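This is what each chain is made of:
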Amino acid sequence: FCRIFTYYTFVLILGGLVISVLSRDIVHVMAAKAYWDSYKIIPLITLAHIVFSFFYHFNIGIMVEKKTKYFAYINVINAIVNLALNFILIKRYGIWGAGFSTLISYLLRTSLCFYFSNKLHKIQVEWGRDRKSTRLNSSHTDISRMPSSA
């Protein structure tokens with residue numbers, strides 16, 4: 001199970017890198033000129049959704065032990081934090097505030113899921129290998145901001 005997560009993480013990060021690198025060209029093809037600058041937020045949103053997808057891997061302990069009440073706790077806490085962050089960050093930072101609010105909320109949701117699930121049923125993760133994949137991900141924002149060929 002932990003090996004699957006390692007490969008899953010690598011594939012998602014690689015996909016996120018591809019999306020981030022191609023985001024400018026994709027937005028130019030798909031959107032009106034007024035929205036062309038939106039490509040800048042795509043790497044952050046992509047990262048948020050990669051983190052969000054980990055929730056479905058980490059929830060295995062909660063599911064195996066049939067303690068789904070923890071999902072309610074996690075979602076209520078996450079909703080409150082997300083609303084507060086949106087209120088604070090969007091007002092001040094606009095679209096970037098929304099992006100960071102989303103990322104922070106997804107990190108919190110995934111972390112809480114891992115915490116509760118791991119307490120109920122030990123989850124094995126190859127943290128060393130996953131850190132290597134994460135280093136690849138941390139560079140994708142900079143790469144995606146390189147000038148495109150267009």
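Starting from 1, residues in each chain are numbered consecutively following that chain's sequence as written. Side-chain atom pairs in this predicted model are given and counted only at pLDDT of 80 or more, local residue features only at pLDDT of at least 70, and totals for whole chains, interfaces and linings cover all residues. Hydrogens and water molecules were not included; the side-chain quantities draw on all heavy atoms of the structure.

What follows concerns the overall build of the chain. Looking only at helices and strands, one finds seven helices and zero strands in the chain. Working definition: helices are DSSP H or I runs of at least four residues, strands are E runs of at least two. Numbering for both runs from the N terminus. Going residue by residue from the N terminus, the α and β elements of the chain occur as α-α-α-α-α-α-α. Counting every position in the chain, which comprises 150 residues, the buried fraction comes to 37%. Residue pairs at least 24 apart in sequence account for 77% of intrachain contacts in the chain once pairs closer than 6 positions are excluded. Exposure was quantified through the Shrake-Rupley algorithm and a 1.4 Å probe, taking into account, for residues, occlusion by the shown protein chains and nothing else. Accessible surface, the chain as shown: approximately 9300 Å² in total, 68% of it carbon and sulfur. Only protein chains enter the accessibility calculation, which uses a 1.4 Å probe. A residue is then buried if its area is under 20% of the maximum for its type, exposed if over 50%, and partly exposed in between. Residue contacts are counted whenever heavy atoms from the two residues lie within 4.5 Å of one another.

The next thing to look at is the nonpolar core. Phe58, Ile62, Ile74, Cys113 and Phe116 are the most contacted members of the largest nonpolar core, which totals 14 residues. Within the second largest apolar cluster, six residues are counted, among which are Ile41, Ala48, Val51 and Tyr106. Here, nonpolar core refers to any group of buried Ala, Val, Leu, Ile, Met, Phe, Trp, Tyr and Cys residues whose side-chain atoms link them within 4.5 Å.

For the rest of this paragraph, the subject is the packing of helix H1 (residues 2–30) against helix H2 (residues 42–58). Relative orientation of the contacting elements H1 and H2 amounts to 155 degrees, with a least axis distance of 9 Å. Classified by the interaxial angle, the pair formed by H1 and H2 is roughly antiparallel. Note that H1 runs across H2; the crossing there is right-handed. Contacts from Phe5, Tyr8, Thr9, Leu12, Ile13, Gly16, Ile19, Ser20, Ser23 and Val27 in H1 reach Ile42, Pro43, Thr46, Ile50, Ser53, Phe54, His57 and Phe58 in H2. What counts as an axis is a line fitted to C-alpha atoms, over the stretch in contact for a helix, and the angles between N-to-C directions run from 0 to 180 degrees. In what follows, roughly perpendicular refers to angles from 65 to 115 degrees, roughly parallel to angles under 35, roughly antiparallel to angles over 145, and oblique to any angle outside these ranges. The crossing is said to be left-handed when, going from far helix to near helix, the turn is anticlockwise and less than a right angle, and right-handed when the turn is clockwise.

With respect to the helices and strands, the residue asparagine 82 is situated in helix H4 (residues 69–93). Within 3.5 Å is the distance limit for a polar contact, defined as a pair of N or O atoms, with the added protein rule that one can donate a hydrogen and the other accept it, and that residues adjacent in sequence qualify only through two side-chain atoms. Here serine 105 takes part through its side chain, which lies 2.7 Å from a polar atom of the side chain of asparagine 82. Beyond its immediate stretch of four places on either side in the chain, asparagine 82 contacts Ser101, Thr102 and Ser105.

Surface patches are drawn from residues lacking salt bridges whose relative accessible area is over 30%; two like charges belong together within 9 Å, two nonpolar side chains (Val, Leu, Ile, Met, Phe, Trp, Tyr) within 5 Å. Salt bridges are defined by distance alone: a side-chain nitrogen of Lys or Arg within 4 Å of a carboxyl oxygen of Asp or Glu. On the surface, a cluster of nonpolar side chains totalling about 830 Å² of accessible area is made up of Phe10, Val11, Leu14, Val18, Val21, Leu22, Ile26, Val29 and Met30. Residue placement: leucine 14 occurs in helix H1.

Before going further, it helps to spend a moment on the packing of aromatic side chains. Each aromatic pair joins two rings of Phe, Tyr and Trp (for Trp, the six-membered one) with centres within 6.5 Å, and gets the label stacked for planes under 30 degrees apart, edge-to-face for over 60, and tilted for any other angle. Enumeration according to the criterion identifies 13 aromatic pairs in this entry. Where phenylalanine 52 meets tyrosine 56, the ring centres are 5.6 Å apart and the plane angle is 80 degrees; that geometry is what we call edge-to-face. Here tyrosine 56 and phenylalanine 52 lie together in helix H2, a separation of four residues that amounts to about one turn. Ring geometry for phenylalanine 55 against phenylalanine 71: centres 5.8 Å apart, planes inclined by 50 degrees, an arrangement best described as tilted. Placement of the pair is phenylalanine 55 in helix H2 and phenylalanine 71 in helix H4, with a sequence separation of 16 residues.

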